[in-house]
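# Close look at the chain arrangement
Here are the chains, one letter per residue:
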Amino acid sequence: MTTEDADREITRWASGHPLPEPFRDISEELSHFLLVYKFGLAEIGTKISILAEELTHRGRHNPIEHVSPRLKTTSSITAKAQRVGCPLTLDDLRKRIRDIAGIRIVCSFVSDVYTVADMLTRQPDVTLLQTKDYVAKPKPNGYRSLHLIVEIPVFLSERVVHVPVEVQLRTAAMDFWASLEHKIHYKYDPAVPDALREELAAAAEDAARLDRRMERLHREIHGQRRV
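Thresholds, definitions, all that
Residues numbered from 1 in each chain as written. Predicted model: local features only at pLDDT ≥ 70, side-chain atom pairs only at ≥ 80, totals over all residues. Heavy atoms only, no water. Phe/Tyr/Trp six-rings, centres within 6.5 Å; stacked < 30°, edge-to-face > 60°. Buried < 20%, exposed > 50% of the residue type's maximum accessible area, 1.4 Å probe, protein only. Lys NZ or Arg CZ within 6 Å of the ring centre and 35° of its normal. Salt bridge = Lys/Arg side-chain N within 4 Å of Asp/Glu carboxyl O. Helix = DSSP H or I, 4+ residues; strand = E, 2+ residues; numbered from the N terminus. 1 Å grid on protein atoms, 1.4 Å probe; cavity = no way out; pocket = protein on both sides within 12 Å on 5 of 7 lines; lining within 4 Å. Points joined across faces, edges and corners; volume = space filled by probe spheres on them. Nonpolar A, V, L, I, M, F, W, Y, C, P; charged D, E, K, R; others polar. Pairing = 2+ DSSP bridges. Axes fitted to C-alpha atoms, helices over the stretch in contact; angles between N-to-C directions. Contact = heavy atoms within 4.5 Å.

Looking up the protein in an unreviewed UniProt entry gives the name Putative GTP pyrophosphokinase, with the organism given as Paractinoplanes brasiliensis.

For the structure on display, the rule yields two aromatic pairs. Aromatic side chains Y134 and Y143 sit 6.0 Å apart centroid to centroid with 65° between the ring planes, which places their arrangement in the edge-to-face category. Note on accessibility: Y134 and Y143 belong to one class, buried. Against the face of Y134 rests K139, its NZ or CZ located 4.9 Å from the ring centre. Sitting over the face of the ring of Y143, K139 holds its NZ or CZ atom 5.1 Å from the ring centroid.

Counted by the stated rule, this structure contains 12 salt bridges. A salt bridge links R94 to D91; the shortest N-O distance between them is 2.9 Å. With R94 and D91 both in helix α4 (residues 90-96) and three residues apart, this pair spans about one turn of that helix. In this structure R94 comes out as partly exposed when scored by relative accessible area, which is 40%.

If you walk through the whole model with that rule in mind, you get one cavity of 30 Å³ or more. Its boundaries defined by the atoms lining it, the largest cavity holds a volume of some 60 Å³. Of all the elements in the fold, those that place two or more residues in the lining of the largest cavity are α6 (172-188) and α7 (194-226). Per element, the largest residue contribution to the lining of the largest cavity is four residues, and it comes from α7. Split into classes, the residues belonging to the lining of the largest cavity amount to six nonpolar, one polar and two charged.

The next subject is the sheet that holds strand β2 (residues 101-107). Where strands meet in a sheet, backbone hydrogen bonds hold them as pairs that are either parallel or antiparallel. With mixed pairing, the five strands of this open sheet are ordered in space as β1-β2-β5-β4-β3. Looking at which strands have only one partner, the edges of the open sheet turn out to be β1 (64-71) and β3 (127-133). In this sheet, adjacent strand axes meet at a mean angle of 25° when their direction is disregarded. Here strand β4 (residues 146-155) runs beside strand β5 (residues 160-171); their pairing, made up of 10 bridges, is antiparallel. Bridge pairing links H147 to Q168 in β5. Strands in contact with helix α5 (residues 110-121) are β1, β2, β3, β4 and β5; relative to β5, the strand with the most contacts, it is inclined by about 165°. The strands touched by α6 within the sheet are β1, β2 and β5, with β5 carrying the most contacts at an inclination of about 95°.

Positionally, L90 belongs in helix α4. By relative accessible area, which is 14% here, L90 ends up buried.

Volume-wise, the largest pocket comes out at about 1300 Å³. Lining the largest pocket are 41 residues, and of these R70, K72, R104, E166 and Q168 sit closest to its centre. Elements represented by at least two residues in the lining of the largest pocket include exactly β1, α3 (74-84), β2, β3, β4, β5 and α6. Per-element accounting of the lining of the largest pocket gives the leading share, eight residues, to α6. Of the residues in the lining of the largest pocket, the class split is 14 nonpolar, 12 polar and 15 charged. Each pocket or cavity is described by its volume, and for the second largest pocket that value is around 200 Å³. Looking at the second largest pocket, the residues that line it are L55, G59, R60, H61, P63, S111, D112, T115, H218 and H222. Only α5 and α7 provide two or more residues apiece to the lining of the second largest pocket.

Okay, here's the thing in structure tokens:
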């Protein structure tokens, strides 16, 4: 769900549309709860836009291809809470579910993934809480991406709230593979045929080889330009 979708869903809640059972008695509090995460996404999005525009203005390689923010739906939050054994109260969700707000950054090259992560986490108001590097150590199914949980301050009218945001950084090849894998799992859930699993794993290796080849070509061209 994008931030625009979140706006529409919050409006529906305010108009009396039904909420999932655990949240029906706290619709107003839930609306404000998710609004804070939306603000956190806006803060992170602004930082990423500034980095991309500043690098472009300086004539340097802009490592960011595109950015996709998302906010979990109430049903997705409920499902995640049940999986991890988190009580369905706003205080518990705030403490234990740290990917309610998320943003995906697609980069040109593998080296760009780490460059952007470093540029973002070096900013003094961004606190790095957790790193999961599935680029260096892919998941068994072939999934590759760099996952960060960062915390960013959101300045409200009467207080400052520190909002956790999940940042996923990956190359275009990794993103294409992940999108296909998601569609396959959605279609065959819960039992993806073994043959498809094997094909997906092989495709992940092909994507990784493509990333390495494109990185080498980029370095060769970049070096020639410097000369």
